[in-house]
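Chain by chain, the residues:
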Amino acid sequence: MEGTTTTQTVLPTSIFNTTSHTSEKLSSSSLKEICEKFHLSLHRFSCFVTEWTPFLLVASYYWFSVSLYVLFPEKLMAAFWYIYMISNFYIASSTVLEAFMSIEPCREARKVVTKAQDNDWKFPTPDDELLILDLLIVAYLPNEKDIIMDRALYALEQISYPQHLIRINILYNTPYPIEPLESELHELTLRFPHARVIKVPGSTSKADNLNYFFTLNTGSDVIAIYDCDHYPHPNGPRWAIEKFLQDTKIDIVQGRCVIMNTTASFLAAMIAVEFDKIYAVSHPGRSTMWGFGLFCGSNGYWRTSLLRRLKMDGSMLTEDIDSALRAVSQGAKTVHDLNVVSYELAPTQWSAFWKQRLRWAQGWAQASLRHVVMSFNKPADGVRARDARTRFGLFSLLMIREWSYYLVTQYTCLMASMVITNFPKTPGQLGKLVFNPFPLSAWFFILSVICLIATLWITARVKSEFIKVWMLIIFSILYPFYLVLSATIGLYGHARAITKYTAWNPTART
């Protein structure tokens with residue numbers, strides 16, 4: 001329009017630049033978020049594959065073995081059957097021999113207790129001549145926060161040992177603060193002069209906790225190691241120290257671990273029988289038969305100088321077994337004392353039991369592979385020589401025991417294939433197929449049953465106060481299935497070792 005000036009508004013270029021930058025930031029943020037989600041999904045998928053690959057390997061092993069035996073002719077089946085039966089009979093006979101060899105240590109342990117009882121519980125060594133003892137209670141606090149205060153107070157108040165010669169050390173690690181529990185733990189040092197509470201800096205494992213303590217100069221002669229769920233018998237430390245004073249050549253005293261929560265579940269009751277068989281029969285029997293003992297992870301007493309030198313190898317899944325075998329390699333003398341008793345908790349749920357045993361199986365496989373060379377090579381200069389008996393005992397423990405998983409499971413697969421190809425129609429046919437498929441089958445079966453009965457009879461004679469007769473009977477009936485389960489867990493451990501499975505699953509304690 002004439003006489004009117006038209007003004008055009010011009011927006012600053014900075015506005016466009018800001019909008020452009022904002023769009024770029026949004027695009028970059030979205031891309032970063034997509035990448036993070038992709039990496040998270042990839043990590044979850046990788047964990048899923050890692051978790052289930054061992055299961056698939058073991059399942060494939062069973063499926064392939066059974067399928068292969070189905071195709072074998074009868075003569076080849078018979079050959080394999082005899083191989084497995086002879087091998088399994090060797091394992092059964094070794095087990096029963098170890099059981100018989102444990103009778104004398106059990107008898108001696110009873111004599112010592114009876115003598116002390118008759119002497120009004122006066123021990124051979126005067127109190128002022130005892131060794132200085134560091135007793136360690138090792139805990140992963142998030143997992144054991146419900147029990148650690150109870151165990152600490154028990155150890156501080158109930159253990160019968162001169163207070164000026166013992167220090168109760170609570171070693172714990174935690175990824176995050178747990179209050180007021182941590183403050184309450186540290187306040188124990190104000191109430192008890194023989195208490196020491198240490199939160200280990202930067203620790204992620206039991207091995208880290210222990211290795212940190214080994215750097216401290218505490219002036220002790222002996223170090224005792226306990227997991228947090230243990231109740232040491234009040235006289236346990238005294239018996240262990242008496243053992244050291246009785247024989248100055250002893251380097252390690254391993255005590256007996258007893259399961260006390262047998263009424264918590266059927267599973268816990270069966271584990272309790274198993275522990276009595278292991279700690280009261282197998283361990284002392286093996287020590288007598290083959291000439292070497294083993295530290296078992298808890299309720300073990302070490303000469304301080306040896307333990308500080310060996311330390312714990314945090315790269316091993318079962319650092320306790322590794323340290324025990326390294327002690328054997330250096331000529332250390334380990335004895336099993338049945339009077340050094342400690343009470344602990346067994347898993348009450350199948351999932352906790354499964355995770356615990358898989359970790360043990362993988363750890364044993366790892367330690368066996370590392371140390372089986374002891375069966376063949378000579379010890380280092382200045383180390384006590386290993387005779388032929390000890391060498392074969394080590395070979396049996398570290399090699400034949402690992403092979404036994406395959407022998408037991410292969411025999412199971414062979415029997416399963418025979419049932420598939422000649423499916424029994426009557427109980428009599430099933431019994432003949434399982435117990436007497438080939439000549440001499442019945443004799444192998446009878447001898448194996450005799451070995452089983454003898455082993456469990458000896459176990460019954462030394463059973464703990466928490467074991468009832470019915471538990472022994474049920475365990476005896478289930479023992480063949482227990483062997484197959486243990487062998488399967490062993491295979492699973494091997495499969496995890498092959499796939500380099502490294503996840504750590506602590507056993508819950510409540």
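Above: the structure in question.
These numbers come from a predicted model, not from an experiment.

Engineer: How should I be thinking about a nonpolar patch on the surface in this particular structure?
Structural biologist: Judged by side-chain polarity, Phe266, Val469, Trp470, Ile473, Ile477, Leu478 and Phe481 come together as a nonpolar surface patch covering roughly 730 Å² of accessible area. When residues in the nonpolar patch are grouped by element, the largest group, 6 residues, is from helix α16 (residues 469–498). Looking at where Ile477 falls in the secondary structure, it is placed in helix α16.

Engineer: Looking at this model, I keep getting lost on the pattern of salt bridges. Mind explaining?
Structural biologist: Where charged atoms from two side chains of opposite charge approach closely, those side chains can pair. In this structure the tally under the stated criterion is 15 salt bridges. The salt bridge partner of Asp134 is Arg196, with a shortest N-O separation of 3.7 Å. With Asp134 in strand β1 (residues 133–140) and Arg196 in strand β3 (residues 195–199), this residue pair connects regions lying 62 residues apart in the sequence. By relative accessible area, which is 3% here, Asp134 ends up buried. Residues Arg256 and Asp276 are paired through a salt bridge, measuring 3.1 Å at the closest nitrogen-oxygen approach. Here Arg256, found in strand β6 (residues 252–259), pairs with Asp276, found in helix α9 (residues 266–290); they are 20 residues apart in sequence, far enough to count as distant. As far as burial versus exposure is concerned, Arg256 and Asp276 are alike and both buried. One connected set of salt bridges, linked through shared partners, spans Asp313, Asp322, Arg326 and Arg370.

Engineer: Mind showing me how you'd approach the environment of Tyr492 here?
Structural biologist: Looking at the secondary structure, you find Tyr492 in helix α16. Classification of Tyr492 by relative accessible area gives buried; the value is 8%. Considered as a pair, Tyr492 and Arg359 are 133 residues apart in the sequence and their alpha carbons are 9.7 Å apart. Tyr492 has contacts with Glu51, Pro54, Phe55, Val58, Trp354 and Leu358, leaving out every residue within four places of it along the chain.

Engineer: Sorry, what's going on with unusual backbone geometry here?
Structural biologist: Following Glu179, the chain continues into Pro180 via a peptide bond in cis, with omega recorded as 5 degrees. You can see Pro180 is positioned in the loop between β2 (166–173) and α6 (181–191).

Engineer: Help me out: how do you make sense of the packing of helix α5 (residues 148–158) against α6 in this one?
Structural biologist: Each packed pair of helices is defined by two parameters, the angle between the axes and the distance between the axes. One way to put it is that α5 packs onto α6 with a least axis distance of 11 Å and a crossing angle of 10 degrees. As summarised for this structure, α5 and α6 are arranged roughly parallel, according to the angle between their axes. Residues Ile148, Met149, Ala152, Leu153, Leu156 and Glu157 of α5 lie in contact with α6, whose contacting residues are Leu181, Glu184, Leu185, Leu188 and Arg191. The residue inventory of the contact of α5 with α6, partitioned by class, reads 8 nonpolar, no polar and 3 charged.

Engineer: What should I look at first to understand the nonpolar core in this one?
Structural biologist: Most often, soluble globular proteins keep nonpolar side chains buried together rather than apart. Ranked by internal contacts, the top residues of the largest apolar core, which has 42 residues, are Ile168, Leu185 and Tyr301. Of all the secondary-structure elements, those providing two or more residues to this core are β1, α5, β2, α6, β3, β4 (222–227), α8 (236–246) and β8 (334–344). Of the residues forming this core, the biggest block, 5 residues, is contributed by α5. By size, the runner-up hydrophobic cluster in this structure holds 36 residues, among which are Met289, Phe295, Trp364 and Met374.

Engineer: Help me understand the packing of aromatic side chains, please; the structure alone is not making it clear to me.
Structural biologist: The geometry of an aromatic ring pair is captured by the separation of the ring centres together with the interplanar angle, meaning the angle of the planes. Throughout the structure, instances matching the rule amount to 23 aromatic pairs. Here the aromatic rings of Tyr226 and Tyr301 are separated by 6.1 Å at their centres, their planes lie at 90 degrees, and the arrangement is edge-to-face. Note that Tyr226 is positioned in strand β4 and Tyr301 in strand β7 (residues 300–303), a separation of 75 residues in sequence. Assessed through its relative accessible area of 0%, Tyr301 is described here as buried. Members of the aromatic cluster, connected to one another through ring pairs, are Tyr69, Phe72, Phe80 and Tyr84.

Engineer: For this particular structure, what's the right way to read the sheet that holds β8?
Structural biologist: Two orientations exist for strands paired in a sheet by backbone hydrogen bonds: parallel and antiparallel. An order of β3-β2-β1-β4-β7-β6-β8-β5 is seen for the 8 strands of this open sheet, with the pairing classed as mixed. Either end of the sheet is taken by a strand with one partner, and the two such strands are β3 and β5 (231–232). Looking at chain direction, β1 and β4 are connected through 6 bridges and run parallel. Bridging across to β4, Leu136 finds its partner in Ile225. Running at roughly 175 degrees to β8, α8 makes contact with β1, β4, β6, β7 and β8 of the sheet.

Engineer: Would you mind going over the pairing of β2 with me for this structure?
Structural biologist: Two faces make up the sheet, and in a regular strand the side chains alternate between them. Burial of β2 is extensive: 7 of the 8 residues sit out of reach of the surface. As paired elements, β1 and β2 share 8 bridges and run parallel to each other. Residue pairing in the sheet places Asp134 in a bridge with Arg167 of β2. Bridge count between β2 and β3: 5 bridges; the pairing is parallel. Note that in β3 the partner of Tyr172 across the bridge is Lys199. Note on the crossover from β2 through α6 to β3: the handedness is right-handed.

About the criteria used
Starting from 1, residues in each chain are numbered consecutively following that chain's sequence as written. Only residues with pLDDT of at least 70 are given local features in this predicted model, and only at 80 or more are side-chain atom pairs given and counted; all residues enter the totals for whole chains, interfaces and linings. As a rule here, side-chain values come from all non-hydrogen atoms in the structure, and water together with hydrogens is ignored. A patch consists of residues exposed above 30% relative accessible area that lack any salt bridge, with like charges linked at up to 9 Å and nonpolar side chains (Val, Leu, Ile, Met, Phe, Trp, Tyr) linked at up to 5 Å. Each accessible area is a Shrake-Rupley estimate made with a 1.4 Å probe; only the visible protein chains count as cover when residues are assessed. Salt bridges are counted wherever a side-chain nitrogen of Lys or Arg sits within 4 Å of a carboxyl oxygen of Asp or Glu. Per the convention used, a helix needs a DSSP run of H or I reaching at least four residues, while a strand needs a run of E reaching at least two, with both numbered from the N terminus. The rule is simple: take the accessible area with a 1.4 Å probe, protein chains only, and divide by the maximum for that residue type; under 20% is buried, over 50% is exposed, in between is partly exposed. Contacts were defined at the residue level, with two residues in contact if any of their heavy atoms lie within 4.5 Å. Note on geometry: axes are C-alpha line fits, over the in-contact stretch for helices, and angles between N-to-C directions span 0 to 180 degrees. Any angle from 65 to 115 degrees is called roughly perpendicular, while one under 35 is roughly parallel, one over 145 is roughly antiparallel, and all others are oblique. Residues are grouped as follows: nonpolar covers Ala, Val, Leu, Ile, Met, Phe, Trp, Tyr, Cys and Pro; charged covers Asp, Glu, Lys and Arg; every other residue, Gly included, is treated as polar. What makes a nonpolar core is a set of buried Ala, Val, Leu, Ile, Met, Phe, Trp, Tyr and Cys residues whose side-chain atoms join them at distances within 4.5 Å. Stacked, edge-to-face and tilted are the three classes for Phe, Tyr and Trp ring pairs, Trp counted by its six-membered ring, which pair at centre distances within 6.5 Å; planes under 30 degrees apart are stacked, over 60 edge-to-face, the rest tilted. Strands pair, by our definition, only if DSSP identifies at least two bridges between them. With the strands aimed away from the viewer, a crossover counts as right-handed if its path from the first strand over the helix to the second runs clockwise.

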